[in-house]
Amino acid sequence: MTVLVEHYVSDSRIEEKKTKEERGDGGFMVPKSKETDEFDAPDINFLGHSFRDYENGESERQQGVEEFYRMQHIHQTYDFVKDMRKEYGKLNKMEMSIWECCELLNNVVDESDPDLDEPQIQHLLQTAEAIRKDYPNEDWLHLTALIHDLGKVLLLPEFGGLPQWAVVGDTFPVGCTFDPASIHHKYFKENPDNNTPKYNTKNGVYSEGCGLDNVLMSWGHDDYMYLVAKENGTTLPHAGLFIIRYHSFYPLHKAGTYTHLMNDEDREDLKWLHVFNKYDLYSKSKVHVDVEQVKPYYISLINKYFPAKLKW
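Keep in mind the model is a prediction, meaning the values are calculated, not measured.

The helix and strand tally for the protein chain stands at ten helices and four strands. In the protein chain, the order of α-helices and β-strands from amino to carboxyl end is β-β-α-α-β-α-α-α-α-α-α-α-α-β. Buried residues in the protein chain amount to 57% of all 312 residues. Look at the contacts in the protein chain between residues 6 or more apart in sequence, and 76% of them connect residues 24 or more apart.

Let's shift gears to the packing of aromatic side chains. In total, this model carries 16 aromatic pairs according to the counting rule given. Ring centres 5.8 Å apart and planes at 85° place the aromatic pair Phe 172 and Phe 178 in the edge-to-face group. In terms of burial, Phe 172 and Phe 178 fall into one category: buried. What links up through ring pairs into an aromatic cluster is the set Tyr 135, Trp 140, Trp 272 and Tyr 279. The side chain of Lys 93 reaches across the aromatic face of Tyr 88, ending 5.0 Å from its centre. It is Arg 132 that lies over the ring of Tyr 297; its NZ or CZ is 3.8 Å from the centre.

Positionally, Gln 122 belongs in helix 4 (residues 120-134). Setting aside chain neighbours within four positions, we find Gln 122 in contact with Val 287, His 288, Val 289 and Val 291.

Disulfides are covalent bonds that connect the sulfur atoms of two cysteines. Per the counting criterion, the structure on display carries zero disulfides. Cys 176 takes part in no disulfide bond, and the closest cysteine sulfur, belonging to Cys 210, lies 9.0 Å away.

Turning our attention to the nonpolar core. One broad rule of soluble globular proteins: the nonpolar side chains tend to lie buried together. Counting 88 residues, the largest nonpolar core has Leu 146 and Trp 312 as its most contacted members. Leu 146 has contacts with Trp 99, Cys 102, Leu 124, Leu 125, Ala 128, Tyr 298 and Ile 302, leaving out every residue within four places of it along the chain.

To continue, consider the confidence of the model for the protein chain. Overall, the prediction assigns the protein chain a mean pLDDT of 85, with 77% of residues at 70 or greater. Overall, residues 1-20 carries pLDDT values under 50, and its contacts beyond four positions in sequence, including any with other chains, amount to 39 contacts. Note that residues 44-52 has pLDDT below 50 and, in this model, 29 contacts with residues that lie over four places away or in other chains.

Residues annotated by UniProt as "binding site: Fe cation" (unreviewed entry) correspond here to His 123, His 148, Asp 149, His 221, His 247 and Asp 280. Looking at where His 148 falls in the secondary structure, it is placed in the loop between helix 5 (139-147) and helix 6 (221-231). Here His 148 falls in the buried class, since its relative accessible area comes to 0%. Those residues in contact with His 148, other than ones at most four positions away along the chain, are His 123, Leu 124, Thr 127, His 221, Ile 244, His 247, Phe 276 and Asp 280. Looking at the secondary structure, you find Asp 149 in the loop between helix 5 and helix 6. Excluding residues that lie within four positions of it along the chain, Asp 149 makes contacts with Leu 105, Gln 120, His 123, Leu 124, His 221 and His 247.

This part is about the pattern of salt bridges. Applying the stated criterion across every chain, the model contains twelve salt bridges. Taking the shortest distance from any N to any O, the salt bridge between Asp 139 and Lys 304 comes out at 2.8 Å. Of this pair, Asp 139 sits in helix 5 while Lys 304 is found in helix 10 (residues 291-305), placing the two residues 165 residues apart along the sequence. In this structure Lys 304 comes out as partly exposed when scored by relative accessible area, which is 49%. The closest approach of N and O atoms between Lys 271 and Glu 268, which form a salt bridge, is 3.3 Å.

Reading the values: the criteria
Residues numbered from 1 in each chain as written. Predicted model: local features only at pLDDT ≥ 70, side-chain atom pairs only at ≥ 80, totals over all residues. Heavy atoms only, no water. Helix = DSSP H or I, 4+ residues; strand = E, 2+ residues; numbered from the N terminus. Buried < 20%, exposed > 50% of the residue type's maximum accessible area, 1.4 Å probe, protein only. Contact = heavy atoms within 4.5 Å. Phe/Tyr/Trp six-rings, centres within 6.5 Å; stacked < 30°, edge-to-face > 60°. Lys NZ or Arg CZ within 6 Å of the ring centre and 35° of its normal. Disulfide = S-S within 2.5 Å. Core = buried A, V, L, I, M, F, W, Y, C linked by side-chain atoms within 4.5 Å. pLDDT = per-residue confidence, 0-100. UniProt positions renumbered as here; feature names shortened; annotations may be inferred. Salt bridge = Lys/Arg side-chain N within 4 Å of Asp/Glu carboxyl O.

Okay, structure coming up:
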């Protein structure tokens, strides 16, 4: 798939932004640029901090986020990821619809996210509604936004109650050198793979240009939802699956690292991930979407791209 990305705007902006707000179908106020009428990324989150600010050590929430990454970087090893993919690849935890899974997310809060303390279903709908305004004809992208974080149900007891470090947070490849672009990179020194020679080169166990489909990523909600969608026969385009699996892969889509492992299809799909990421990161808000108002539209998309019941 080839796409000309006309809406992507870098998150490093110098000039002061002039914005207006447009109310979405579910009552969510979408920030808009007065000049372009496109989604306009705000500068600060609801706490008054910069987005993805991991250095504000005075914040109690930030201290918790750093401890999260310490645990994640220590325990996410190549063997751990293989074990998790084998276990959760069985898809034997539950059978339910996509919308039923969305409703389960009312019980989940992501402790790794310094920008959000709202129920996850609100983040999903805020992201989807913001994208829907700017890309009205890309219904697969609306649905991808709705479901991209559904894998966070791994935190719930019925899915094994995995610890936060095994479900959320930025992702990275395992089986090769840990790139310094990863948040709180210093804690990788305690990861057993850091002292394993075969995992300590640029390519590690992979070959250059092998394609990200052949690379093991740190285990979490991204990879789990990717497996659920793929194995249940979704008809979403490959770019949708790419967004689901790599939307937390910030060392790639923000810092531009690990590109040596990509193939041509990855490079095409990355253009869509750049589009998606702006909305995923900057649409987080304390203003809620009216769930019942937008539900019929998203149910229609679920029916178009997924079976009625999925194995999880």
